[in-house]
Amino acid sequence: MGQKTAIIFVADRNFLMPSILAMLQISRQKDTMSVADLFLFTTDLDDTDFRTITDLVTTHGITTIRLDLDKVLSEQETLSFRKTHISISALGRFFTGSCIDSKYENILYIDGDVQVIGSIFDLANADIPDDKILGVIDKQFLKAKERDKSGEKTREYLKKLGILHEADYFNSGVLAAKRETWINLCKEAFDYFVKHSEDCMFHDQSALNAVSVGRRLPMSPKYNFTTMFAENNLLNIVKPSIIHFTGAE
């Protein structure tokens, strides 16, 4: 029986080293690697650097794949990308699914700004329903409840995305879905981003939330322990497996 899940990271030069470090942390988990394979998508490496990185990580069971993201994005005249610390390579996830062999049942996507400090076997081995995506609630759940300008702005942002209940909004740093579901959702999300990029305050995350209303299933915060959870002292309740460094902190 082959591996069940393809674990994918997408990185440009800025996120390359932390992404590789996180992947090495996963590669040392015998339980997880018994059901999963690792894939590193790069977006801006030249031939020489790509070969160097490939030689470095292949010995650790990591497969490298190049994404020609510039070509894909240059064809979209209406596309706008809000400038933040997040690079446009974040959109690369939308084009990963078709590069993964159909022998893999699930896709597990993980951002590069994480540290993997515990087993992710249960997540990699999860039985995920068709047309559903696993994701962790994000800080907009709290911000939308605030009665100030920030809360008002958050509520307006969610409304533009078609999200009526703030608890439905999820963080896109760790996501899991069936391979076919991932391909379909990512296509929908990219199409949405192209048409509504001005409304996508958080880029790919905004677009994925907009097309996933009613399709998101809760994921345990242990697999995407964002800064929000740390700030609210949930370390006393949740023992994280993946720490996700979100926000300016």
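For the structure given in this document, a descriptive report is provided here.

What counts as what
Residues numbered from 1 in each chain as written. Predicted model: local features only at pLDDT ≥ 70, side-chain atom pairs only at ≥ 80, totals over all residues. Heavy atoms only, no water. Helix = DSSP H or I, 4+ residues; strand = E, 2+ residues; numbered from the N terminus. Expected span 1.5 Å × (residues − 1). Polar contact = N/O pair within 3.5 Å; in protein donor to acceptor, adjacent residues only side chain to side chain. Phe/Tyr/Trp six-rings, centres within 6.5 Å; stacked < 30°, edge-to-face > 60°. Buried < 20%, exposed > 50% of the residue type's maximum accessible area, 1.4 Å probe, protein only. Lys NZ or Arg CZ within 6 Å of the ring centre and 35° of its normal. Core = buried A, V, L, I, M, F, W, Y, C linked by side-chain atoms within 4.5 Å. Contact = heavy atoms within 4.5 Å. Lys, Arg positive; Asp, Glu negative; His and termini not counted. Salt bridge = Lys/Arg side-chain N within 4 Å of Asp/Glu carboxyl O. Pairing = 2+ DSSP bridges. Axes fitted to C-alpha atoms, helices over the stretch in contact; angles between N-to-C directions.

Over its 12 residues, helix α7 (residues 149-160) extends 17 Å from the first C-alpha to the last, a length consistent with the 16 Å expected when each residue adds 1.5 Å. Two or three places before S150, at the start of α7, stands the capping residue D148, its side-chain oxygen 3.2 Å from that residue's backbone nitrogen. Immediately downstream of α7, the backbone of G162 shows phi near 85 degrees, a positive value.

With the rule as written, the count across this model stands at seven aromatic pairs. Pairing Y157 with F202 gives two aromatic rings, centres 5.6 Å apart and planes at 80 degrees, and the pair type is edge-to-face. With Y157 in helix α7 and F202 in the loop between α8 (179-196) and α9 (204-211), this residue pair connects regions lying 45 residues apart in the sequence. Of the residues examined, Y157 reaches a relative accessible area of 5% and is grouped as buried. With 5.7 Å between their ring centres and 35 degrees between their planes, F225 and F229 make a pair best called tilted. For F229, a relative accessible area of 5% translates into the label buried. By the ring-pair criterion, three or more aromatic residues cluster together here, those being F94, F95 and F190. Seen from the ring of F50, R66 lies directly overhead, with NZ or CZ sitting 5.2 Å from the centre.

Moving on: the nonpolar core. Of all hydrophobic cores here, the largest spans 39 residues; its most connected members are I7, F9, I26, L40, I110 and I120. The biggest single contributor to this core is helix α1 (residues 13-27), with six residues. Residues contacting F9, with those up to four places away along its chain left out, are S19, A22, M23, I26, F39, L40, F41, I110, D111, G112 and V114. Counting 35 residues, the second largest nonpolar core, distinct from the first, contains I8, I100, Y104 and L185.

Moving on, we come to the side chain of R216. In this structure, R216 sits in strand β8 (residues 216-218). Although R216 is buried, it forms no salt bridge, and the closest oppositely charged side chain is D168 at an N-O distance of 5.0 Å. Only 2.8 Å separates the side chain of R216 from the backbone oxygen of G135, close enough to count as a polar contact. Within the local environment of R216, its side chain forms a polar contact with the backbone oxygen of A167, the two atoms lying 2.8 Å apart. Apart from residues lying up to four places away in sequence, R216 is in contact with I133, G135, V136, I137, A167, D168, Y169 and F170.

With that settled, the discussion passes to the sheet that holds β8. Spatially, the seven strands line up as an open sheet ordered β3-β2-β1-β4-β7-β6-β8, and their pairing is mixed. Each edge of the sheet is formed by a strand with only one pairing partner; in this case those strands are β3 (62-66) and β8. For this sheet the average axis-to-axis angle between neighbouring strands, irrespective of direction, equals 30 degrees. The pairing of strand β1 (residues 5-11) with strand β2 (residues 36-42) spans seven bridges and is parallel. In the strand pairing of β2, A6 is matched with D37. Sitting on the sheet, helix α3 (residues 47-58) is in contact with β2 and β3, with an inclination near 165 degrees to β3. Its contacts with the sheet put α8 on β1, β4 (106-110), β6 (133-137) and β7 (170-178), and the angle it makes with β7 is roughly 135 degrees.

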